[in-house]
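# What the coordinates show
What follows is the residue order along each chain.
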Amino acid sequence: MSPETLLKEPLVEIAASPFSTESFDAYVMSTYGRFNIALERGEGCRVWDTEGREYLDFVAGIATCTLGHAHPALIAAVTQQIQTLHHVSNLYYIPVQGELAKWLVEHSCADRAFFCNSGAEANEGAIKLARKYAHEKLKIANPIVITAHASFHGRTLATVTATGQPKYQKGFSPLVPGFHYVPYNDTAAIESAIAELDKDERQVAAIMLEALQGEGGVRPGDLAYFQRIREICDEKGILLILDEVQVGMGRSGKHWGYENLGIEPDIFTSAKGLGGGIPIGAMLCKSHCDVFEAGSHASTFGGNPFACAVALAVCQTLEKENLLENVRERGEQLRAGLNEIAAKYPNIIAEVRGWGLINGMELQADIELTSSDIVKSAIEAGVLLVPAGPKVLRFVPPLIVSATEVDRALAAVEAAIATAAKR
Ligand SMILES: *Cc1c(COP(=O)(O)O)cnc(C)c1O
């Protein structure tokens, strides 16, 4: 069959009967607390549910759909690459993987890239690279990676251990050894932790942080803190790993979150927005810490032609459509609007914060209302939002969002807060 004929035929038979949550829940594990709508179509910053209701999507697949839904560049890359070559393995050279690596290196502080499929997998790679570096270059027998409280690095065993939030680790012991946690944005705490850990024998190999904590409540990194962290890493010869999975790929208004902090990491990771919704992750590093050799690390799907072509299309569209400027302008508009709402509801809203198009609205600690309550009201008002913990609402729309859409979302958010305030 030619591709043209194929597109006319339904490829898989789905939805013979109307959608039901009961049937879904009978077959799918209940690992997610789902909101009660079923989505089936999207275009730009809008999505539609199975009942035909329209929503403004300020979740974007959790900071992932960089170009929104059904963007022409995404459709072109997906269809062209699937008709050309979709997967071969890293036993061979994959030209488009090289092109994507080149783009990432030319638009960051890194020298080389390794490709995988998710944020957790990228962070696993970063942790493995830091441990190998510690053994070979620093002669550390039991390397420790310091991470922050309220961080989020993924759900595999090593990355859930790296994640400084006990709620994600509960029930999964024994956790992976070699991690130590410190409060975020606290210089004195990290200095004393390193002094303590290295007292008898050198142990600290790396510090792993998010430039802005996403899941942990949309908390931007402090400039002075990160500058001191960079100095500490240079003084000790240890590695600074930045998890850019959520804040990277243009979301902060710059290509990478660290550009907002005036420092450069030795290693950083990307995923979420990198493929615009097609699974791909990357671990990038400077050449001085690239101690991997043939056989050190691998991933069957990692960097396949399909995922790389789509990610490259996302990267090129970022430039072509001048999206970083849009992110900065729409971000300012959104924060200004959220601050106006906050001023109207001081008993409910404590603070608005963020960079570019990753923003959080923190609720007052002493009220019963949770971020989930407001997200539910927002869905009723026609806008999708995602909590970042029990007290923070997160706003992470596609980077293509327009001024009109930001205004519409703000009106819906205000309505949702007004409704929630009355309950
Ligand atoms: C989402 C996220 C991850 C995990 O990414 P997955 O693709 O779900 O494995 C890691 N770090 C940060 C900062 C994230 O936001």
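For the structure, check the block above.
Quick caveat, the model's predicted, so the values are computed rather than measured.

Turning our attention to the environment of Gln 227. Its location among the elements puts Gln 227 in helix α10 (residues 223-236). The spacing of Gln 227 and Leu 261 is 34 residues in sequence and 7.4 Å in space, taken between C-alpha atoms. Each residue touching Gln 227, except ones within four places of it in the same chain, is listed here: Leu 261, Gly 262 and Ile 263. Among the polar contacts made by the side chain of Gln 227, one reaches the main-chain carbonyl oxygen of Leu 261 at a distance of 3.3 Å.

Glancing now at the pairing of strand β13 (residues 349-355). Working note: regular strand, side chains alternate between the two faces of the sheet. β13 sits mainly inside the fold: 5 of its 7 residues count as buried. Taken together, β13 and the strand that follows it, strand β14 (residues 358-363), pair antiparallel across an intervening segment of 2 residues, in which Gly 356 is found at a positive phi of about 45 degrees.

Bringing empty space enclosed by the protein into the picture now. Counted by the stated rule, this structure contains 1 cavity of 30 Å³ or more. The computed volume of the largest cavity comes to approximately 40 Å³. Together, Ala 63, Thr 66, Val 245, Gln 246, Gly 248, Met 249, Arg 251, Gly 273 and Leu 399 line the largest cavity. Of the residues belonging to the lining of the largest cavity, the class tally is 4 nonpolar, 4 polar and 1 charged.

On to the packing of helix α5 (residues 95-106) against helix α11 (residues 305-320), then. Direction vectors running N to C along α5 and α11 enclose 35 degrees, while the axes themselves pass 9 Å from each other. Classified by chirality, the crossing of α11 by α5 is left-handed. Taking contact as the criterion, the partners of Val 96, Gln 97, Glu 99, Leu 100 and Trp 103 in α5 are, on α11, Pro 305, Cys 308, Ala 309, Ala 311, Leu 312, Cys 315, Leu 318 and Glu 319. In the contact of α5 with α11, the residues fall into 10 nonpolar, 1 polar and 2 charged.

Further remarks concern the site of the ligand. With respect to spatial proximity, the complete set of residues near the ligand consists of Ser 118, Gly 119, Ala 120, Asn 123, Phe 152, His 153, Gly 154, Glu 210, Asp 243, Val 245, Gln 246 and Lys 272. Gly 119 places a polar main-chain atom, nitrogen or oxygen, 2.8 Å from an oxygen atom of the ligand. Interatomic distance of 2.8 Å between a backbone N/O atom of Ala 120 and an oxygen atom of the ligand. For the ligand, the accessible surface in isolation is 380 Å², of which the surrounding protein chains cover 81%. The element that contributes the greatest number of residues to the shell around the ligand is helix α6 (residues 119-138), accounting for 3 residues. Tallied by class, residues from the shell around the ligand come to 3 nonpolar, 6 polar and 3 charged.

Our focus in this paragraph is the packing of aromatic side chains. What characterises a pair of aromatic rings is the spacing of the ring centres plus the angle enclosed by the ring planes. Applying the stated criterion to the full structure yields 7 aromatic pairs. A centroid spacing of 6.2 Å and a plane angle of 75 degrees characterise the contact between Tyr 184 and Phe 226, whose relative ring orientation is edge-to-face. Placement of the pair is Tyr 184 in the loop between β6 (179-182) and α9 (187-197) and Phe 226 in helix α10, with a sequence separation of 42 residues. The same class applies to Tyr 184 and to Phe 226, which are both buried. In textbook terms, an aromatic cluster arises when at least three aromatic residues are bridged by ring pairs, as seen for Tyr 184, Tyr 225 and Phe 226. In this structure, Arg 41 is placed above the aromatic ring of Trp 48, and the distance from its NZ or CZ to the ring centre is 4.1 Å.

In terms of nonpolar packing, the biggest core is built from 126 residues, with Phe 58 and Ile 207 touching the most fellow members. When sequence neighbours within four positions are dropped, the list of residues in contact with Ile 207 reads Ile 146, Ile 190, Ile 194, Ile 229, Cys 233, Ile 238, Leu 239, Leu 240 and Ile 241.

A separate point is the environment of Val 386. For Val 386, the position within the fold is in strand β16 (residues 386-387). Expressed as a C-alpha distance, the spacing of Val 386 and Ser 371, which sit 15 residues apart in the sequence, is 8.2 Å. The residues contacting Val 386, other than those within four sequence positions of it, are Val 59, Val 375, Val 392, Leu 393, Arg 394 and Val 396.

On to the layout of surface pockets. Its boundaries defined by the atoms lining it, the second largest pocket holds a volume of some 810 Å³. Listed by contribution, the elements that provide at least two residues to the lining of the second largest pocket are α5, β4 (112-116) and β12 (281-285). Its residues placed into classes, the lining of the second largest pocket shows 15 nonpolar, 11 polar and 3 charged.

In this section: the sheet that holds β16. With respect to topology, 4 strands assemble into an open sheet ordered β13-β14-β17-β16, the strand pairing being antiparallel. Each of the sheet's edge strands pairs with one partner strand only, and the pair in question is β13 and β16. Bridging between β16 and strand β17 (residues 392-395) involves 2 bridges; their strand directions are antiparallel. Across the sheet, the residue bridging to Pro 387 is Leu 393, located in β17. Contacts from helix α12 (residues 323-344) reach β13, β14 and β17 within the one sheet, and its direction differs from that of β13 by about 175 degrees.

Here the focus is α11. An ideal rise of 1.5 Å per residue puts 22 Å on 16 residues; α11 measures up with 22 Å between its terminal C-alpha atoms. Where burial is concerned, most of α11 is hidden: 13 out of the 16 residues are buried. Of the residues flanking the start of α11, the one acting as N-cap is Asn 304, its side-chain oxygen 3.1 Å from the backbone nitrogen of Phe 306. Within two residues after α11, Asn 322 carries a phi angle of roughly 50 degrees, on the positive side.

Another point: the sheet that holds strand β5 (residues 144-148). Across the sheet, which stays open at both edges, the 7 strands sit in the order β4-β12-β11-β10-β7-β5-β6 with mixed pairing between neighbours. Whereas interior strands pair on both sides, the edge strands pair on one side only; in this sheet they are β4 and β6. Pairwise comparison of adjacent strand axes, ignoring direction, gives a mean angle of 20 degrees for this sheet. Bridge count for β4 against β12 is 5 bridges, and the pairing is antiparallel. In the strand pairing of β12, Phe 115 is matched with Ala 282. Those strands touched by α9 are β5, β6 and β7 (204-209), and its axis lies near 150 degrees from that of β6.

Scoring rules and cut-offs
Residues numbered from 1 in each chain as written. Predicted model: local features only at pLDDT ≥ 70, side-chain atom pairs only at ≥ 80, totals over all residues. Heavy atoms only, no water. Helix = DSSP H or I, 4+ residues; strand = E, 2+ residues; numbered from the N terminus. Contact = heavy atoms within 4.5 Å. Polar contact = N/O pair within 3.5 Å; in protein donor to acceptor, adjacent residues only side chain to side chain. Buried < 20%, exposed > 50% of the residue type's maximum accessible area, 1.4 Å probe, protein only. Pairing = 2+ DSSP bridges. 1 Å grid on protein atoms, 1.4 Å probe; cavity = no way out; pocket = protein on both sides within 12 Å on 5 of 7 lines; lining within 4 Å. Points joined across faces, edges and corners; volume = space filled by probe spheres on them. Nonpolar A, V, L, I, M, F, W, Y, C, P; charged D, E, K, R; others polar. Axes fitted to C-alpha atoms, helices over the stretch in contact; angles between N-to-C directions. Left-handed = near helix turned anticlockwise from the far one by under 90°. Near = heavy atom within 4 Å. Areas by Shrake-Rupley, 256 points an atom, 1.4 Å probe, with all protein chains shown as cover. Phe/Tyr/Trp six-rings, centres within 6.5 Å; stacked < 30°, edge-to-face > 60°. Lys NZ or Arg CZ within 6 Å of the ring centre and 35° of its normal. Core = buried A, V, L, I, M, F, W, Y, C linked by side-chain atoms within 4.5 Å. Expected span 1.5 Å × (residues − 1).

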